[in-house]
Amino acid sequence: MRINRNHLVVYVLTFGVFGILNTEMGVIGILPLISDHFQVSISAAGLTVSLFALAVAISGPILPSLFSGINRKKIMLLALGIFIVGNFVSAITSDFTVLLIARVVPAFFHPIYCSMAFTVAAATVNKEEASKAVAKVFIGVSAGMVIGVPVASIIASATSLAYAMLFFAVVNIAAFIATLLFVPSMPVANKPSYGVQLRVLRRSAVWLSIAAVIFMNGALFGVYSYLAEYLEIVTQLTWNTISLMLFLYGAANMIGNIIAGRLLTHHALSTIKRYPFVLGGVYILMLFLGQFSVPMVCMILIWGVLGGIGGNITQYWIVTSAPDAPEFANGIFLTSANMGTTIGASVCGLFITEMGAPYVLLGGILFVVLSIASIYPKISIEGRLEVAHDDR
């Protein structure tokens, strides 16, 4: 019975993460409507996304650590409550500045909720099942992108922008109620001191993990950011087909999360070693076969699965470098992942500007090479530490 309850907690956390990511990513599909409604440029409307991501990056290494000693259930309810209020304000305001504030303030609590969700998911099951539990929570991340964007767009088109914002609020309300009813009180018995948490930054393995997360996320999301443009210009697909391809990528991403849990449970090191080479191989194939629609469908499905696996690998890679400070490590992961997305999109954008849309894949390959240069030195360092420990 206890195992069933623990699994229920993991599902509630997955839904909560979906609610948070739904709020973050859902506005991507309604940016033109935001631009029209508030009478601002499309680039200004894009601040609702970029400022949110910036707030996540800033708070990631700080706030999860500061709140790490407080009952985790209470903190997760607080974070969800702030998201609910922010979404309601976003729905009723007619002032663009107020909208930005209503977006940015909850964003600071994004890393608090998500880092605790990863930590709690791992702690509520047996150690051997921790990677599978975290992988289930990652499904909420994928669902936020796959479901949130099109659903918000459909609601806004059929009704109004306000109802799309209320959709975000309703999802967070449901997550709040589920957390209140089904997640047990989780006081923190042995909170690591801030000094202990910060001391993990002295480890070279942690910094190599941070670099690997940045480069791996740059490889994935640097290319993904321009996937629609690539499919339009290189593969020459219609917009309806492109929308279907984006949905297929997201669905495959969710499948990748499930596969990742099994791989990291039973074959973690070999999976991490091989992953960048497989991703790089897919990009090379896309570079040469991108103009053919049927091969592209197959490669996007494979790439989507790899995207889901990659998110789990990067979280695992950082947390295993600092197991004595899990909330702090998860906060660092969220900051590094956001930095990787931002840097990757910028660099891959330069490849498009200078060389053309097909060569966005060269940016992805560059980041794959850099991730390999970060992963293997960490493996070497940890191997030497294990040998030294065994000698003692």
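Because the structure is a prediction, the values reported are computed rather than measured. (Residues numbered from 1 in each chain as written. Predicted model: local features only at pLDDT ≥ 70, side-chain atom pairs only at ≥ 80, totals over all residues. Heavy atoms only, no water.)

Colleague: Looking at this structure, I do not really get the confidence of the model for the chain. What am I missing?
Modeller: Low-confidence regions, as indicated by low pLDDT, have predicted coordinates that should not be scrutinised in detail. Per-residue pLDDT for the chain has a mean of 84; in total, 93% of the residues score no lower than 70. Between residues 385-392, whose pLDDT stays under 50, and residues either more than four places distant or in other chains, the model counts zero contacts. (pLDDT = per-residue confidence, 0-100. Contact = heavy atoms within 4.5 Å.)

Colleague: Help me understand the side chain of Thr314 in this model?
Modeller: With respect to the element layout, Thr314 can be found in helix H17 (residues 293-319). In contact with Thr314, other than residues within four places in its own chain, are Val213, Met216, Asn217 and Phe333. (Helix = DSSP H or I, 4+ residues; strand = E, 2+ residues; numbered from the N terminus.)

Colleague: Can you walk me through a nonpolar patch on the surface in this structure?
Modeller: Taken together, the side chains of Leu8, Tyr11, Ile177, Leu180, Leu181 and Phe182 define a hydrophobic patch exposed on the protein surface, amounting to about 560 Å² of accessible area. Every element with two or more residues in the nonpolar patch is listed here: helix H1 (2-26) and helix H11 (161-182). Considering each element in turn, the nonpolar patch owes the most residues, four residues, to H11. Among the structural elements, Phe182 can be located in helix H11. (Patch = residues over 30% accessible without salt bridge, like charges linked within 9 Å, V, L, I, M, F, W, Y side chains within 5 Å. Areas by Shrake-Rupley, 256 points an atom, 1.4 Å probe, with all protein chains shown as cover. Salt bridge = Lys/Arg side-chain N within 4 Å of Asp/Glu carboxyl O.)

Colleague: I tried to follow the nonpolar core on my own but got confused; where do I start?
Modeller: The nonpolar side chains of a soluble globular protein tend to be buried with one another. Residues Leu13, Val17, Tyr113, Phe118, Val137 and Phe333 are the most contacted members of the largest nonpolar core, which totals 55 residues. Here Val17 is in contact with Tyr113, Cys114, Ala117, Val137, Gly140 and Val141, once residues within four sequence places are set aside. By size, the runner-up hydrophobic cluster in this structure holds 43 residues, among which are Ala212, Val234, Tyr249 and Leu306. (Core = buried A, V, L, I, M, F, W, Y, C linked by side-chain atoms within 4.5 Å. Buried < 20%, exposed > 50% of the residue type's maximum accessible area, 1.4 Å probe, protein only.)

Colleague: Explain the layout of surface pockets here, please?
Modeller: Where empty space is left becomes clear once a probe the size of a water molecule has been rolled over the atoms. Of the pockets and cavities examined, the second largest pocket occupies roughly 640 Å³. The wall of the second largest pocket is formed by 20 residues, among which Ala122, Lys127, Ala130, Val319 and Thr320 lie closest to the centre. Elements with a contribution of two residues or more to the lining of the second largest pocket: helix H8 (110-123), helix H9 (130-146), helix H15 (239-266), H17 and helix H18 (326-355). (1 Å grid on protein atoms, 1.4 Å probe; cavity = no way out; pocket = protein on both sides within 12 Å on 5 of 7 lines; lining within 4 Å. Points joined across faces, edges and corners; volume = space filled by probe spheres on them.)

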